Amino acid sequence: IPGWKGGLMINARAETVCEKPMFRRSMAAQRCVIPATSFYEWDAARHKYQFALPGEPLYLAGLYDNVDGANRFVILTTTPNASMHGIHDRMPLILRRDQIRPWLTDAESALHLLAAPPPLLERHSTEALVAACTPWVLLSVFVFIWGLPSVKGWLNGLFAPAFPMEGLHNMIEK
């Protein structure tokens, strides 16, 4: 969503979202869920960490609005739990699967969910993963990717949704 000074706003604080004129309408009637397999955060020393729920998707609470004919969204953030200790002072507001329907369809429940503590997540340093790869392995991966007949098509496949959106729709309908 475009910010006040023309920049792009990607997060909004769950604690104050009802007070901000920019988000009042969206909080009242334009709530959304952003499915993800994980998210990344950096600590003060710029070390990158990956956060996930093993074997489960993450459901990030968000708000959307139509801006210049296109739907845009922000991810709500909240006070971090122990998963984020020492990494960052905010984290996404993560919904459990059974909270998706109330978040989307019930304004009163949505207000209560703004204060719900997020589940504990697994965190992994991405430096450990990179350190495990020798320069030869990294070069081999680069050469393999560069040599593919349709690099663009292959890369597009990498960024496909982890599960179809109709799957999320079916969960809400049940």
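Here goes a summary of the coordinates provided. Not measured: the values here are computed from a predicted model.

Next up on the list: the overall build of the chain. Broken down by element type, the chain carries seven helices and nine strands. Evaluated residue by residue, the chain yields a buried proportion of 34% over its 174 residues. Sequence-distant contacts in the chain: of pairs separated by 6 or more residues, those separated by 24 or more amount to 65%. Roughly 11,200 Å² of accessible area belongs to the chain as shown, and the carbon and sulfur atoms make up 61% of that amount.

Strand order in this open sheet of three strands is S3-S4-S9, and the pairing throughout is antiparallel. In the strand order of this sheet, the two ends are held by strand S3 (39-42) and strand S9 (122-125), each with one partner. Mean inter-strand twist for the sheet, computed between neighbouring axes without regard to direction, equals 30 degrees. As defined by bridge partners, strand S4 (residues 48-52) adjoins S9 across four bridges and the pair is classed as antiparallel. The residue of S9 that forms the bridge with Tyr-49 is Ser-125.

With that settled, the discussion passes to helix H1 (residues 21-29). Among the residues making up H1, those that are buried are Phe-23, Ser-26 and Met-27. Buried residues of H1 fall within an arc of 100 degrees about the axis and therefore sit on the same side. Facing away from the buried side of H1, by more than 90 degrees, are the exposed residues Pro-21, Arg-25, Ala-28 and Ala-29. The inward-facing, buried residues of H1 abut strand S1 (11-13), strand S2 (31-36), strand S5 (58-67), strand S6 (70-78), helix H2 (100-105) and helix H3 (107-113).

To continue, consider the side chain of Asn-81. Mapped onto the secondary structure, Asn-81 falls in the loop between S6 and strand S7 (91-92). A distance of 2.9 Å separates a polar atom in the side chain of Asn-81 from the backbone nitrogen of Ser-83. In terms of polar contacts, Asn-81 uses its side chain to reach the backbone carbonyl oxygen of Pro-118, at 2.9 Å. In this structure Asn-81 touches Met-91, Pro-118, Pro-119 and Leu-120, once residues within four positions along its chain are discounted.

A few words now on the layout of surface pockets. In this approach a probe as big as a water molecule rolls over the atoms, and the regions it shows empty are the leftover space. Of the pockets and cavities examined, the largest pocket occupies roughly 370 Å³. Taken together, 19 residues line the largest pocket, and the ones lying closest to its centre are Ile-10, Asn-11, Ile-75, Thr-77 and Pro-92. Put simply, the parts of the chain that give the lining of the largest pocket at least two residues each are S3, S6 and S7. The greatest single-element share of the lining of the largest pocket, amounting to six residues, is contributed by S6. Grouping the amino acids of the lining of the largest pocket by side-chain chemistry returns twelve nonpolar, four polar and three charged.

With that settled, consider the pairing of S3. Along a regular strand, successive side chains alternate from one face of the sheet to the other. A one-sided burial pattern is seen for S3, the buried positions being Phe-39 and Glu-41 and the unburied ones Tyr-40 and Trp-42. Of the strand pairs in this sheet, S3 and S4 are connected by four bridges, and their pairing is antiparallel. Among the inter-strand pairings, Phe-39 is bridged to a residue of S4, identified as Phe-51.

Thresholds, definitions, all that
Residues numbered from 1 in each chain as written. Predicted model: local features only at pLDDT ≥ 70, side-chain atom pairs only at ≥ 80, totals over all residues. Heavy atoms only, no water. Helix = DSSP H or I, 4+ residues; strand = E, 2+ residues; numbered from the N terminus. Buried < 20%, exposed > 50% of the residue type's maximum accessible area, 1.4 Å probe, protein only. Contact = heavy atoms within 4.5 Å. Areas by Shrake-Rupley, 256 points an atom, 1.4 Å probe, with all protein chains shown as cover. Pairing = 2+ DSSP bridges. Axes fitted to C-alpha atoms, helices over the stretch in contact; angles between N-to-C directions. Arc of directions from axis to C-beta. Polar contact = N/O pair within 3.5 Å; in protein donor to acceptor, adjacent residues only side chain to side chain. 1 Å grid on protein atoms, 1.4 Å probe; cavity = no way out; pocket = protein on both sides within 12 Å on 5 of 7 lines; lining within 4 Å. Points joined across faces, edges and corners; volume = space filled by probe spheres on them. Nonpolar A, V, L, I, M, F, W, Y, C, P; charged D, E, K, R; others polar.

What is shown is where atoms sit, not what they do.
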